[in-house]
Amino acid sequence: MANRWGIPKDVEELIRKRDTSCVYCGISFINSVFSHKTRPTWEHIINDIRINGVDNIAICCGSCNASKGAKLLSDWLNSKYCKTYRITRDNVASVVKEHLSGQ
Ligand SMILES: [Zn+2]
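Residues numbered from 1 in each chain as written. Predicted model: local features only at pLDDT ≥ 70, side-chain atom pairs only at ≥ 80, totals over all residues.

K.L.:
So, the overall build of the protein chain: which residues are in play, and what are the values?
P.N.:
The helix and strand inventory of the protein chain stands at five helices and two strands. Counting helices and strands in the order they occur from the N terminus, the protein chain gives α-β-β-α-α-α-α. Relative to a compact globule of 103 residues, whose C-alpha radius of gyration would be 13 Å, the protein chain shows 13 Å and is just as compact. Considered along the principal axes of its C-alpha atoms, the protein chain spans approximately 40 × 35 × 20 Å. Taking as baseline every contact in the protein chain between residues at least 6 positions apart, the subset at least 24 positions apart corresponds to 57%. (Helix = DSSP H or I, 4+ residues; strand = E, 2+ residues; numbered from the N terminus. Rg over C-alpha atoms; globule rule 2.2 N^0.38 Å. Contact = placed C-beta atoms within 7 Å.)

K.L.:
If you had to explain the environment of F29 to someone new, which residues and values would you point to?
P.N.:
With respect to the element layout, F29 can be found in the loop between α1 (9-18) and β1 (40-44). With residues near it in sequence (within four places) discarded, F29 still touches T20, S21, P40 and I59.

K.L.:
Tell me about the nonpolar core, and please be specific about residues and values.
P.N.:
Formed by 14 residues in total, the largest nonpolar core has its most connected members in C22, V23, Y24, A58, C60, C64 and I87. Broken down by element, the residue count for this core peaks at five residues, all from strand β2 (residues 57-61). (Core = buried A, V, L, I, M, F, W, Y, C linked by C-beta atoms within 7 Å. Buried ≥ 20, exposed ≤ 12 C-beta atoms within 10 Å, placed from the backbone.)

K.L.:
Outline the environment of I46, supporting the account with residue identities and numerical values.
P.N.:
Tracing the sequence through the fold places I46 in the loop between β1 and β2. Residue class for I46 comes out partly exposed when judged on the 13 C-beta atoms lying within 10 Å of it. Sequence-wise, I46 and S21 are 25 residues apart; in three dimensions their C-alpha atoms are separated by 19 Å. For I46, the contacting residues outside a window of four places in its chain are I51, N56 and H99.

K.L.:
Lay out the pairing of β2 in plain terms, naming residues and giving numbers.
P.N.:
Here β2 lies mainly inside the structure; five of its five residues are buried. Across the two faces of β2 the burial is the same, with I57, I59 and C61 and A58 and C60 all buried. Here β1 pairs with β2 via five bridges, running antiparallel. Residue T41 lies in a different strand from β2, and its bridge partner there is C60. (Pairing = 2+ DSSP bridges.)

Below, the structure is given as structure tokens:
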């Protein structure tokens, strides 16, 4: 049983519990009225939909998701968007940091 993004149900539930705010910019998903930009969206940290584990799937806001697109995480962190919103490898969620260690 997988959702429409191919994410197994048990993985989805773990991630929904873990990521209660955007894993990148930290905007909260709790008790918010969502706009197109702040709505929670599924994100593959490494852009490979075949990597469907809890380590590669996270929830980020629509704004970060649209900005990151198909960019490599390390490249995206150097983008104007990340500079504008002060998103750095030091303040992203730990699930994202895991992917940055060694880079
Ligand atoms: Zn965000």
